[in-house]
Amino acid sequence: MMKMPIGLRRQAPVFTDDSNQSWASNGALRKAWAVAARLRARLRSGEEGGSIIETALVLPLLLSIMLGMFSLTMALYTYQQLGYATFACAQQLGFSRGLYVDPCYQATQTLMTALPGFAASKLSITMTISNSAGTASVYGPFTGAVASGSGCTGAGSGGTTNAMGQNQPATVNVSYNYSWIPMWMLSLSGNLVSQETTLIN
């Protein structure tokens, strides 16, 4: 067994005291880590609450923008359909000189055929037809459900002479009462208007 020198024996209590102090300081360190962990937990819970508030504020705005874009897209699509149908209606009216007793009825039928799914009661149709002297006569407004004989028989084959003048303008004006997609308990509506002019053949 080795003998410890006298000088080292005197220093042994010092090493023991240092080790006791390090254990004591480790205990304080453990307490500090525990306090820091609790503080981090509180901060994290605050971050989660903040993110929930941010989501509650941003989500309605994001949904409003998306719904508004979808509603605008549907309105533009409806307006495009209305424009195509009005063009077909005007072309039918331009080719109707001397062929039909009620050319407005025939043109309206063409319009409704080109607009499947549209409510006839929401349509307002006005037709302006010029005679051979260039005098314009306005017929309507009437809905897409116009009956044969109640449109413009005066401009038809059984009407007055030269009621539809060749190479004279004929104009079709169509208005459709469009209802926008309801958003935030608001039901908005407005008129989509399309107009086409053609020459009577």
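Provided above is the structure to which this section pertains.
Residues numbered from 1 in each chain as written. Predicted model: local features only at pLDDT ≥ 70, side-chain atom pairs only at ≥ 80, totals over all residues. Heavy atoms only, no water.

Novice: It is not clear to me how the sheet that holds strand β3 (residues 169-179) should be interpreted in this structure. Could you clarify?
Specialist: Consider a sheet: its strands pair through backbone hydrogen bonds, and that pairing is either parallel or antiparallel. A sheet is described by the order of its strands in space; here four strands give the open sequence β2-β1-β3-β4, paired in antiparallel fashion. With one partner strand each, in any of the chains shown, β2 (136-142) and β4 (189-199) form the two edges of the open sheet. Here the average twist between neighbouring strands, direction ignored, is 10°. As paired strands, strand β1 (residues 123-130) and β2 are joined by five bridges and run antiparallel to one another. If you follow Ile-129 over to β2, its bridge partner there is Ser-137. (Pairing = 2+ DSSP bridges. Helix = DSSP H or I, 4+ residues; strand = E, 2+ residues; numbered from the N terminus. Axes fitted to C-alpha atoms, helices over the stretch in contact; angles between N-to-C directions.)

Novice: It is not clear to me how the side chain of Asp-102 should be interpreted in this structure. Could you clarify?
Specialist: Considering the arrangement of structural elements, one finds Asp-102 in the loop between α1 (6-94) and α2 (103-113). This buried residue, Asp-102, is left without a salt bridge; Arg-97 holds the nearest opposite charge, at 16 Å. Polar contacts involving the side chain of Asp-102 include one to the main-chain amide nitrogen of Cys-152, which spans 2.8 Å. Once residues within four sequence positions are removed from consideration, Asp-102 is found in contact with Ala-147, Ser-148, Gly-149, Ser-150, Gly-151, Cys-152 and Thr-153. (Buried < 20%, exposed > 50% of the residue type's maximum accessible area, 1.4 Å probe, protein only. Lys, Arg positive; Asp, Glu negative; His and termini not counted. Salt bridge = Lys/Arg side-chain N within 4 Å of Asp/Glu carboxyl O. Polar contact = N/O pair within 3.5 Å; in protein donor to acceptor, adjacent residues only side chain to side chain. Contact = heavy atoms within 4.5 Å.)

Novice: Looking at this structure, how should I read a nonpolar patch on the surface?
Specialist: Taken together, the side chains of Ile-53, Leu-57, Val-58, Leu-59, Leu-62, Leu-63, Met-66 and Trp-184 define a hydrophobic patch exposed on the protein surface, amounting to about 850 Å² of accessible area. Turning to its location among the elements, Ile-53 is positioned in helix α1. (Patch = residues over 30% accessible without salt bridge, like charges linked within 9 Å, V, L, I, M, F, W, Y side chains within 5 Å. Areas by Shrake-Rupley, 256 points an atom, 1.4 Å probe, with all protein chains shown as cover.)

Novice: Quick question: what am I supposed to make of the nonpolar core here?
Specialist: A general feature of soluble globular proteins is that nonpolar side chains tend to end up buried together. Grouped together as the largest cluster of nonpolar side chains are 30 residues, with contacts concentrated most on Leu-93, Met-127, Ile-129 and Val-172. Contributing elements (two or more residues each) for this core: α1, α2, β1, β2 and β3. With six residues, the top contributor of residues to this core is α1. Look past the residues within four positions of Met-127 in its chain and what remains in contact with it is Cys-89, Leu-93, Cys-104, Ala-107, Thr-108, Ser-137, Val-138, Tyr-139, Phe-142, Thr-171 and Val-172. (Core = buried A, V, L, I, M, F, W, Y, C linked by side-chain atoms within 4.5 Å.)

Function-wise, these values are silent; they only describe arrangement.
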